[in-house]
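The chain contents come next:
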Amino acid sequence: MIRPSNKWIGAVALAATSFAMPAAAQTSAPAAPVQFVIEQPAGEWLAHVFYGSPVQSPTGEVIGDINDLAFNKSGQINTVVLGVGGILGVGEKNVAVPYNALTFKDGPDGARVIVVSLTKADLAAAPAFKATEKTTYDAMKDKAVDLSRKAAEKAGQLKDQALKKVEDMKAEPTKKP
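Remember, predicted model here, so these are calculated numbers, not experimental data.

1. A look at the pattern of salt bridges
Pairing between side chains of opposite charge can happen when the charged atoms of each approach one another.
Point 1. Applying the stated rule across the entire model yields six salt bridges.
Point 2. The residue Asp 146 makes a salt bridge to Lys 150 at a minimum N-O spacing of 3.4 Å. With Asp 146 and Lys 150 both in helix α4 (residues 136-171) and four residues apart, this pair spans about one turn of that helix.
Point 3. Via salt bridges that share partners, Asp 146, Arg 149, Lys 150 and Glu 153 belong to a single interconnected network.

2. Let's talk about the nonpolar core
Point 1. Within the largest apolar cluster, 15 residues are counted, with the highest numbers of intra-cluster contacts made by Val 55, Ile 66, Val 80, Leu 82, Leu 102, Ile 114 and Leu 123.
Point 2. At the level of secondary structure, the elements contributing two or more residues to this core comprise β2 (62-71), β3 (77-84), β4 (93-98) and β6 (112-116).
Point 3. With residues near it in sequence (within four places) discarded, Val 80 still touches Ile 66, Asp 68, Leu 69, Val 95, Ala 96, Val 97, Tyr 99 and Leu 102.

3. Points about the packing of aromatic side chains
Point 1. Per the stated rule, a full pass over the model turns up four aromatic pairs.
Point 2. Taking 5.9 Å as the distance between ring centres and 40 degrees as the angle between the ring planes, the aromatic pair formed by Tyr 99 and Phe 104 counts as tilted.
Point 3. Put simply, the rings of Trp 45, Phe 50, Tyr 99 and Phe 104 pair up and form one aromatic cluster.

4. Notes on the environment of Lys 120
Point 1. Tracing the sequence through the fold places Lys 120 in helix α3 (residues 120-125).
Point 2. Given a relative accessible area of 46%, Lys 120 falls into the partly exposed group.
Point 3. Taking the C-alpha atoms as reference points, Lys 120 and Val 84, separated by 36 residues in sequence, lie 7.9 Å from one another.

5. With respect to the sheet that holds strand β5 (residues 102-106)
Point 1. In space, the six strands of this open sheet follow the order β4-β3-β2-β1-β6-β5, with mixed pairing throughout. Either end of the sheet is taken by a strand with one partner, and the two such strands are β4 and β5. Averaged over all adjacent pairs, the angle separating strand axes in this sheet is 45 degrees, with direction ignored.
Point 2. Looking at chain direction, strand β1 (residues 54-56) and β6 are connected through two bridges and run parallel. Note that in β6 the partner of Gln 56 across the bridge is Val 115.

6. Let's talk about a nonpolar patch on the surface
Point 1. On the surface, a cluster of nonpolar side chains totalling about 390 Å² of accessible area is made up of Val 34, Phe 36 and Ile 38.
Point 2. Secondary-structure assignment places Phe 36 in the loop between α1 (6-20) and α2 (47-50).
Point 3. On the accessibility criterion, Phe 36 (52% relative accessible area) is exposed.

7. With respect to the pairing of β6
Point 1. Across the five residues of β6, four count as buried, placing the element largely inside the fold.
Point 2. Of the pairings in the sheet, the one linking β5 to β6 comprises five bridges and is antiparallel in character. Looking at β6, one finds that Asp 106 is bridged to Arg 112.
Point 3. Between β5 and β6, which pair antiparallel and follow one another directly, the connecting turn spans five residues, one of which, Gly 110, has a positive phi of 85 degrees.

8. Some words on the confidence of the model for the chain
Point 1. Per-chain confidence: the chain averages 81 in pLDDT, with 80% of residues scoring 70 or above.
Point 2. Least confident of the elements in the chain is α1, whose mean pLDDT is 40; most confident is β4, at 95.
Point 3. In the predicted structure, residues 1-21 sits below a pLDDT of 50 and forms nine contacts with residues beyond four places in sequence or in another chain.

Criteria and cut-off values
Residues numbered from 1 in each chain as written. Predicted model: local features only at pLDDT ≥ 70, side-chain atom pairs only at ≥ 80, totals over all residues. Heavy atoms only, no water. Salt bridge = Lys/Arg side-chain N within 4 Å of Asp/Glu carboxyl O. Helix = DSSP H or I, 4+ residues; strand = E, 2+ residues; numbered from the N terminus. Core = buried A, V, L, I, M, F, W, Y, C linked by side-chain atoms within 4.5 Å. Buried < 20%, exposed > 50% of the residue type's maximum accessible area, 1.4 Å probe, protein only. Contact = heavy atoms within 4.5 Å. Phe/Tyr/Trp six-rings, centres within 6.5 Å; stacked < 30°, edge-to-face > 60°. Pairing = 2+ DSSP bridges. Axes fitted to C-alpha atoms, helices over the stretch in contact; angles between N-to-C directions. Patch = residues over 30% accessible without salt bridge, like charges linked within 9 Å, V, L, I, M, F, W, Y side chains within 5 Å. Areas by Shrake-Rupley, 256 points an atom, 1.4 Å probe, with all protein chains shown as cover. pLDDT = per-residue confidence, 0-100.

Okay, structure coming up:
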């Protein structure tokens, strides 16, 4: 497969934008071409590695796990959402802490250990985090819960109607020909 050079990509991008931009906008200096990153830089971490990672108290007790990261428009992570309590995610509560409340150290096997200066009791007493932005999955899950509730209500109504009919049929005197 032929891989275009960065200069070629930049030239194509510049040409494409010059056709799409109005004449007044073309007078400004062209944007620098995007330089692709081909390997994870040293000292940078991938967000997906954090998801599900255990979080420990200073005493080494696992007190939750990372469910999400919130970042600003500049890409700086400001908030970490921890899942606490529950078993295998059932009954779990999301609690958010500032990113700078976390510390990182190397474990005995060289794995990253995430520590927050809180206890299970602190997290249990903390207010639940409410996300204002929903993923497609969250929206579909909410819709499924709503449809399930409506279906259960309708099933209850149909059951009540059927029981009433059975009672009415039992109460009717049988007609003999």
